[in-house]
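Residue-level listing of the chains:
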Amino acid sequence: MEKFISFDEIKKSLEKKETDCRAIVQYYLTNIQTKAHLNAFVEVYEQSALTQADLINEKLANGNAGKLAGMVIGIKDVLCYSGHESNASSKILQGFESQFTTTAIQRLLDEDAIVIGRLNCDEFGMGSSNENSAHGNVLNAADESRVPGGSSGGSAVAVQANLCTVSLGTDTGGSVRQPAAFTGVIGMKPTYSRVSRWGLIAYASSFDCIGVFSHTVKDNALVMQIMAGHDEYDSTSSRKSVLPYSQLLHFDKKAKVAYLKETLDSPALQPEIKANTLAVLDKLKSEGHSVEEVSFPLLDFILPTYYILTTAEASSNLSRFDGVKYGYRTPNAHNLESMYKLTRSEGFGEEVKRRIMLGTFVLSASYYDAYFTKAQKVRRLIKDYTENLLNEFDYIIMPTTPSTAFKFGEHSGDPVAMYLEDLFTVQASVSGVPAISLPNGKDESGMPIGLQVICNSFKEAELYAFSNYLTELTS
Ligand SMILES: NC(=O)C[C@H](N)C(=O)O
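Reference entry: report on the structure contained in this document. Predicted model only: the values in this text are computed from it and were never measured.

### Some points on the sheet that holds strand β4 (residues 166-171)
Across the sheet, eleven strands lie side by side as β1-β3-β2-β4-β6-β5-β10-β11-β9-β7-β8; this open sheet has mixed pairing. Sheet topology places β1 (41-44) and β8 (290-294) at the edges, where each strand pairs with a single neighbour. The mean angle between the axes of side-by-side strands here comes to 30°, regardless of whether they run parallel or antiparallel. Direction of pairing for β1 relative to strand β3 (residues 114-119): antiparallel, over a ladder of three bridges. Pairing of V44 across the sheet is with G117, part of β3. Contacts from helix α7 (residues 217-227) reach β4, β5 (186-189), β6 (209-214) and β10 (435-442) within the one sheet, and its direction differs from that of β6 by about 150°.

### Section: the pattern of salt bridges
Here the structure, examined in full by the defined rule, presents 18 salt bridges. A salt bridge links R22 to D54; the shortest N-O distance between them is 2.9 Å. A residue pair is termed long-range when its members are at least 10 positions apart, and R22 in helix α2 (residues 21-34) and D54 in helix α3 (residues 46-62) qualify at 32 residues. Looking at R22, the relative accessible area reads 34%, which means it is partly exposed. Where E387 meets K383, a salt bridge forms, and the shortest distance between an N and an O atom there is 2.9 Å. Residue E387 and its partner K383 are located together in helix α13 (residues 368-392), separated by four residues, close to a single helical turn. Three or more residues are tied together by salt bridges with common partners; here these are E43, D77 and R118.

### Focus: the packing of aromatic side chains
Under the defined criterion, the tally for this structure stands at 25 aromatic pairs. Pairing F100 with W198 gives two aromatic rings, centres 4.7 Å apart and planes at 25°, and the pair type is stacked. Of this pair, F100 sits in the loop between β2 (72-76) and α4 (103-110) while W198 is found in the loop between β5 and β6, placing the two residues 98 residues apart along the sequence. The class of W198 is partly exposed, set by a relative accessible area of 28%. The interplanar angle of 55° and the centroid separation of 5.7 Å between the aromatic rings of F361 and Y371 together place this pair among those described as tilted. You can see F361 sitting in helix α12 (residues 350-363) and its partner Y371 sitting in helix α13, a full ten residues away along the chain. Clustering of aromatic rings is evident, with ring pairs tying together F96, F124, F321, Y326 and F348. One cation-aromatic arrangement involves K91 over Y328; the distance from NZ or CZ to the ring centre is 4.8 Å. Residue placement shows R379 over the ring face of F207; its charged tip is 4.0 Å from the ring centre.

### With respect to the site of the ligand
Lining the immediate environment of the ligand, one finds 14 residues, of which G125, G173, S175, Y203 and Y306 sit closest. The separation between an oxygen atom of the ligand and a polar side-chain atom of Y306 is 2.6 Å. Burial of the ligand by the surrounding chains reaches 100%, relative to a free accessible area of 270 Å². Counted by class, the shell around the ligand contains four nonpolar, eight polar and two charged residues.

### Quick notes on the side chain of S266
Within the secondary structure, S266 sits in the loop between α8 (261-264) and α9 (271-286). Non-local contacts of S266, meaning those with residues more than four positions away in its chain, are made with L423 and F424.

### Considering the packing of helix α10 (residues 299-317) against α13
Running from N to C, α10 and α13 point in directions that differ by 125°, and their axes come no closer than 9 Å. In terms of their interaxial angle, α10 and α13 are classed as oblique. Note that α10 runs across α13; the crossing there is left-handed. Two secondary-structure elements touch here, α10 through F301, I302, T305, I308, L309 and A312 and α13 through Y371, F372, A375, Q376, V378, R379 and I382. When the residues that make up the contact of α10 with α13 are grouped by side-chain class, the tally is ten nonpolar, two polar and one charged.

What counts, and at which threshold
Residues numbered from 1 in each chain as written. Predicted model: local features only at pLDDT ≥ 70, side-chain atom pairs only at ≥ 80, totals over all residues. Heavy atoms only, no water. Pairing = 2+ DSSP bridges. Helix = DSSP H or I, 4+ residues; strand = E, 2+ residues; numbered from the N terminus. Axes fitted to C-alpha atoms, helices over the stretch in contact; angles between N-to-C directions. Contact = heavy atoms within 4.5 Å. Salt bridge = Lys/Arg side-chain N within 4 Å of Asp/Glu carboxyl O. Buried < 20%, exposed > 50% of the residue type's maximum accessible area, 1.4 Å probe, protein only. Phe/Tyr/Trp six-rings, centres within 6.5 Å; stacked < 30°, edge-to-face > 60°. Lys NZ or Arg CZ within 6 Å of the ring centre and 35° of its normal. Near = heavy atom within 4 Å. Polar contact = N/O pair within 3.5 Å; in protein donor to acceptor, adjacent residues only side chain to side chain. Areas by Shrake-Rupley, 256 points an atom, 1.4 Å probe, with all protein chains shown as cover. Nonpolar A, V, L, I, M, F, W, Y, C, P; charged D, E, K, R; others polar. Parallel < 35°, antiparallel > 145°, perpendicular 65-115°, else oblique. Left-handed = near helix turned anticlockwise from the far one by under 90°.

Read these as layout, nothing more, since geometry by itself doesn't imply function.
See below:
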């Protein structure tokens, strides 16, 4: 059977009638089965994917198929899909079946994408290694003794190992970009509000974004342009019009690029990552682009700001899981109060409980101003600084992560070491601007390295075009 990497290849094969949608789904189902030990999928929708494939074959024959006919997607286990279970990879949502479909997914279905299954992740999106999942660890296909990154670890590995054409993840502080870097695929977080979050199980609502994993920039751009745009069910979704990103990939400008001194001087940065990032910057210079070093004095404040604000929001968002309405309910309670307490104690994992406690603390009356209010003010400083920089420069370039994929267990027991994984990804999240991770070579042990490119809000078209250029430049 032929090997499909990109949607372009799929489309060409379909056009030449070398394959059909059933054969494409079958190809991915076989891969999923052979690589089941990677634990990327929590659930495979084998029957419905094949039925859908037959329907789309008919549409193709009738000439009325949508733009994504032949594309097979996997969805992160925090995105609701009507009639299917969604757990946020948490015991507390065991058995929960959604009554509606995430808008972003619905828009892809409307264009005839086929959803092949639900992908493993860190519980409620909280983590950087996928080790916090009620469904168990996901293995990195480049080295199975290493983590795939998180929280969208299953989504990253599903694309890395060719278990679907593209996958959806969510990115609150790096959950798409960091696993993309660890697995050597492309991962894009759009501008905050660009894609509706209706149907996404909330973690930190002022940060959460739905993002895309793919092998090619073009596939990523195509999926993003279809998902993006206003949604009457999500009042935070932007009304700005959406450009056809996938048709605007030609890049022929001279770019003004900044890189942040503090990121490349960071003692946490692995030498090969620094070398590969500098190599890209040098290439850009030699191609006549302007590349300038700038200082980012706020780097040290980003992680504390992110973890104060996201835990605060999480503690509020996750208060709805109480064992009364849906999901897990403890069998050990004797009255209402013990039912709440035991359900939440037994249903949530360690990391989620840690964050609920932290968030509750920073929101408590005596500490609210000292932590929450202060963090909001620092967020404004970071956002202003980043936006000013992006008004002066077209792009900011930095490594996606300080290190490549680490071994299982290496950071467990040390939450701060785990939080440091997000050092370079949270700037775009705190500021709400779009950011992408592109593969940028490998380290000495063969593990993929990620290059992050950041752009100003709603400049997804420019970001995709430059990314396309960069992937050609570095390949
Ligand atoms: N959700 C994310 O974007 C990942 C981040 N490491 C977090 O745990 O918050």
